[in-house]
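# Structural overview for review
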Amino acid sequence: MKNQLNRIKLFIDNVRLILAVNPLHKVIFSFSCAVFSLFSAEAMYYVFSRVLVNLEGIQYIDKTNVIQVCTSPVTLILILLFLIVMTFTALFEIGGLLHAFSMAQIGRKTDIWSMIVAGERTCRKTLSPRNWPVLLFVMVLFPLTGVLSLSNAAYKVKIPLFIELAIEDTPLTATAFRIFYVIMILVEIGVLFSINIYVLRENSFLSSCIDGWRLGKRRILNTVICMMLLSLTVDVALYLISVVVPDYGGAADAVTHTVRAMVVPTINNAGLTALFYQYYEEDGSLVGITPHIFRKEEFSRIKKAAFVACIVLVLSFGIYPTVHYFDYMSEDVSRPAICAHRGDNVNAPDNSYEAFELAVSEGVPWIELDVQLTADGVVVAEHDGTLKRRFGLDKTVPEMTYDELMQHEVINTGDVFKHVHITTLEEVLLLAKKNNVLVQVEPKPLERDSGLEEEVLRLIDETGMHDRVMIISVYSDSVAKAKELDPQITTAHAVMKAWKDYAEVKDADNLSAEVGTISPELVHDLHEAGMKVFCWTADDPDGIQYLVSCGVDVIGTDDPVMVKRKLDEADYSGGAKRYFYLTMHRIIDMER
């Protein structure tokens, strides 16, 4: 126990030592890498959306085309290019930091230009085909596990939301991914020092992985304890920062996230470097470390000018897609309406008559429900593919008649609501009509040509709700069918991702988008095209001001009471305040 405490104390001392030398240079270098990677990601995203639209004709991503998008050669090539750019950006940052930390290890100072040379050398080394597997290590293993961030570029690499939703769509793919995730974490722990060895020695990446396993296999417990302790210290420090900074318009969160994005990769690299040299000294040899790691480099004026020009070019390309939107920022925004997603399902069972009744009593102007068709042709409110979650039945709605469904009650409803049964679309429409509430109806046909859309439209007409209903669906063919059957019915696709080109979609009158795809630019373009923008599902209180400042028309939420409270507190100003709120959210959500 005493030996372990001594090793932890040595680790802390070494981390403090290598961070204390040239701290300003390290901060400037990390900040520059953070800005560069952010705008590189913005530029790549802009190219990605333009290519998908122009070559594939994809104006949005929903469940109908998500597999097509994910498997398209164009998408795969673009993702590969994105990962390559981000990998070299990450290696550049890691190489520069490890040079600075190694110099500090022997008590010497360096400068930013030497860090740039070290980063450039690491990137040149990676051009060799034998080192290409490092792409998987830097841009797949570490970012996807989310356990250890080593660079600002890797920090911004996340699984796109539409892919996450596709993974979680079936139990089989969800389980397979969780198993894969655990395996990745185990591999990550096993070869944790591979990147240090790759940068600090002349090894190929694969041989670095082997040497990394040899170096760390007997010290896994100590490594995990030290890195967890370091992470905990950083989290406490970030929490204290968030407490001190005034929480105005998300400023506290923005500052915390900015510091996290810049500092955490640097701290993690410092921790691994400290352990790397500690373990090497314990083994009694530092043979193999390349001499240039401990050398301050000279940088010619021509190289300095070329490097600065490259930075300016990337920043300009990253800013370009949004710069022409600044002129409308002076405009005030209107208060968005609230849509109770599946009713007030925070306080009542989702898609139940009780949830819709509660939402109506709370004064929301919109309610939303998912509908399916029973075996005997009754349209009922149900979201899931099976009745397992709500009724404990291993059956689907189309396998049962309405009378059979009514023999069962919703399970796990708590003490407030008892004897809750399935409700019909007709009941919900009549409730909405009586209370002058608008309705979003989302058909979820489990089979094509089931007749669901026809029956939904019949009920809408029969209840006199034609002008107060909008048909939405995550399946574009369902929306298209509804529009074909009734060209006058209002429609919107419920999408995971959308671009301004969505305004050209023929069978949609509005857009219903997941909150992650909402941006002020998208909302502005669709408003210019005469469309309204609905979003789902906004359950994070901290994100409501962002949606307000974007100018969305309707906010879909599971918790309408919370959203109403946040809208009462929101600022609807244009100009500097609006730009401030949008900037704060962009910083807070930078990893997305």
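Everything here concerns the structure above.
Okay, so let's go over this structure.

What counts and what doesn't
Throughout this document, residue positions are counted from 1 along each chain, in the order its sequence is written. Only residues with pLDDT of at least 70 get local features here, since the model is predicted, and only at 80 or more are side-chain atom pairs given and counted; chain-wide, interface and lining totals rely on the full set of residues. With hydrogens and water excluded, all non-hydrogen atoms of the structure serve as input to the side-chain values. Working definition: helices are DSSP H or I runs of at least four residues, strands are E runs of at least two. Numbering for both runs from the N terminus. We compute the radius of gyration over the C-alpha atoms and compare it with the globule rule, which gives 2.2 Å times the number of residues raised to the power 0.38. Burial classes: relative accessible area under 20% of the type maximum marks a residue as buried, over 50% as exposed, and values in between as partly exposed (1.4 Å probe, protein chains only). Should any heavy atoms of two residues lie within 4.5 Å, those residues are counted as being in contact. For the purpose of charge, His is not counted, nor are the chain termini; Lys and Arg are scored as positive and Asp and Glu as negative. The atoms used to mark charge sites are NZ of Lys, CZ of Arg, CG of Asp and CD of Glu. Convention used here: a crossover is right-handed provided that the path from the first strand, over the helix, to the second strand proceeds clockwise when the strands point away from the viewer. Only protein atoms enter the 1 Å grid used here. Points where a 1.4 Å probe fits but cannot escape make up a cavity, open sets with protein on both sides within 12 Å along at least five of seven lines make up a pocket, and a residue lines them when an atom lies within 4 Å of a point. Grid points are joined across faces, edges and corners, and a volume is the space filled by probe spheres set on the points. Amino acids outside the nonpolar list (Ala, Val, Leu, Ile, Met, Phe, Trp, Tyr, Cys, Pro) and the charged list (Asp, Glu, Lys, Arg) are all regarded as polar, and Gly is one of them. Whenever Lys or Arg places a side-chain nitrogen within 4 Å of a carboxyl oxygen from Asp or Glu, that contact is recorded as a salt bridge. Buried Ala, Val, Leu, Ile, Met, Phe, Trp, Tyr and Cys residues that are joined via side-chain atoms within 4.5 Å together make up what is termed a nonpolar core. Orientation is described by lines fitted to C-alpha atoms, with helices fitted over the stretch in contact, and by angles between N-to-C directions that extend from 0 to 180 degrees. Angle categories are assigned with fixed cut-offs, so that under 35 degrees is roughly parallel, over 145 is roughly antiparallel, 65 to 115 is roughly perpendicular, and the rest are oblique. In this scheme the handedness of a crossing depends on how the near helix is turned from the far one: anticlockwise by less than a right angle means left-handed, clockwise means right-handed. Every patch collects residues that have over 30% relative accessible area and no salt bridge, joining them within 9 Å if they carry like charges and within 5 Å if they are nonpolar side chains (Val, Leu, Ile, Met, Phe, Trp, Tyr). Using a 1.4 Å probe, accessible areas were evaluated by the Shrake-Rupley method; residue-level cover was limited to the displayed protein chains. Strands are treated as partners if at least two bridges between them are detected by DSSP. Note on aromatic contacts: the rings of Phe and Tyr and the six-membered ring of Trp form a pair at centre separations within 6.5 Å, being stacked when their planes are under 30 degrees apart, edge-to-face when over 60 apart, and tilted otherwise.

Take the overall build of the protein next. Check the secondary structure of the protein and you find 24 helices and 11 strands. For 592 residues, the compact-globule estimate of 2.2 N^0.38 gives 25 Å, and the C-alpha radius of gyration of the protein, at 27 Å, lies within 12% of that figure. Based on the C-alpha atoms only, the size of the protein along its principal axes is roughly 85 × 55 × 50 Å. Expressed as a percentage of the 592 residues in the protein, the buried residues total 53%. Summarising the internal contacts of the protein: among those between residues at least 6 apart in sequence, 68% fall at separations of at least 24. In the protein, which carries 53 positive and 73 negative side-chain charges, the distance between the mean positions of the two groups comes to 14 Å.

Covered by surrounding structure in strand E10 (residues 533-536) are Val533 and Cys535 together with Phe534 and Trp536, the residues of both alternating faces. For the segment spanning strand E9 (residues 510-514), helix H21 (residues 520-528) and E10, crossover handedness is right-handed. The parallel pair E10 and strand E11 (residues 554-557) is bridged by helix H22 (residues 544-550), and the resulting crossover is right-handed.

Attention now goes to the layout of surface pockets. Its boundaries defined by the atoms lining it, the second largest pocket holds a volume of some 1200 Å³. In this structure, the second largest pocket is lined by 45 residues; those nearest its centre are Lys63, His383, Lys444, Val474 and Tyr475. Considered class by class, the residues forming the lining of the second largest pocket number 15 nonpolar, 11 polar and 19 charged.

With that settled, the discussion passes to the pattern of salt bridges. In total, this model carries 24 salt bridges according to the counting rule given. Linking Lys388 and Asp394 is a salt bridge whose minimum nitrogen-to-oxygen distance equals 3.7 Å. Classification of Lys388 by relative accessible area gives partly exposed; the value is 45%. What makes Asp394 exposed here is its relative accessible area of 65%. Residues Glu455 and Arg458 are paired through a salt bridge, measuring 2.4 Å at the closest nitrogen-oxygen approach.

Moving on, we come to the nonpolar core. Counting 64 residues, the largest nonpolar core has Ile195 and Phe276 as the members making the most contacts within it. Discounting residues that sit within four places of it in the chain, Phe276 has contacts with Phe193, Asn196, Ile197, Leu200, Leu215 and Ile289. Counting 61 residues, the second largest nonpolar core, distinct from the first, contains Leu425, Val469, Ala508 and Leu582.

Before going further, it helps to spend a moment on the packing of helix H2 (residues 23-56) against helix H5 (residues 112-126). Between two packed helices, the angle of one axis relative to the other and the distance separating the axes together describe the packing. One can describe the packing of H2 onto H5 by two numbers: an axis separation of 9 Å at closest approach and a directional angle of 50 degrees. Relative to H5, the element H2 lies oblique. Regarding H2 and H5, the two cross each other, and that crossing is right-handed. Counting all contacts with H2, which are made through His25, Lys26, Ile28 and Phe29, the residues of H5 involved are Ile112, Met115 and Ile116. Split into classes, the residues belonging to the contact of H2 with H5 amount to five nonpolar, one polar and one charged.

Mapped onto the fold, Val140 is located in helix H6 (residues 134-145). Judged by its relative accessible area of 24%, Val140 is partly exposed. In this structure the C-alpha to C-alpha distance between Val140 and Met465, which are 325 residues apart in sequence, comes to 50 Å.

Across the junction of Trp536 and Thr537, the peptide omega takes the value -15 degrees, indicating a cis bond. By the secondary structure assignment, Thr537 is in the loop between E10 and H22. Residues other than glycine seldom take positive phi values, yet Asn412 does so here, at roughly 55 degrees. Although it is not a glycine, Asn436 adopts a positive phi angle of roughly 60 degrees. Checked against the element boundaries, Asn436 lands in the loop between helix H18 (425-434) and strand E5 (438-443). We classify Asn436 as exposed; its relative accessible area is 56%.

On to a negative patch on the surface, then. Taken together, the side chains of Asp327, Glu331, Asp332 and Glu528 present a region of like negative charge at the surface. For Glu331, a relative accessible area of 47% corresponds to the partly exposed category.

Our next topic: the pairing of E11. Across the two faces of E11 the burial is the same, with Val554 and Gly556 and Ile555 and Thr557 all buried. Both strand E2 (residues 337-341) and E11 contribute to a ladder of four bridges, which runs parallel. Bridging from a neighbouring strand, Ala337 pairs with Val554 of E11. The sheet contact formed by E10 and E11 spans two bridges and is parallel. Bridge pairing in E11 links Cys535 to Ile555.

The full count for this structure, using the stated rule, is eight aromatic pairs. For the pair Tyr198 and Phe205, a centre-to-centre distance of 5.6 Å together with 85 degrees between the ring planes defines the contact as edge-to-face. Exposure class is identical for Tyr198 and Phe205. Each is buried. Arranged with centres 5.2 Å apart and planes meeting at 85 degrees, the rings of Trp366 and Phe534 form a pair that is edge-to-face. Within this pair, whereas Trp366 is found in strand E3 (residues 366-373), its partner Phe534 is found in strand E10, the two being separated by 168 residues in sequence. One aromatic cluster is present, built from ring pairs that chain together Phe276, Tyr277 and Tyr280.

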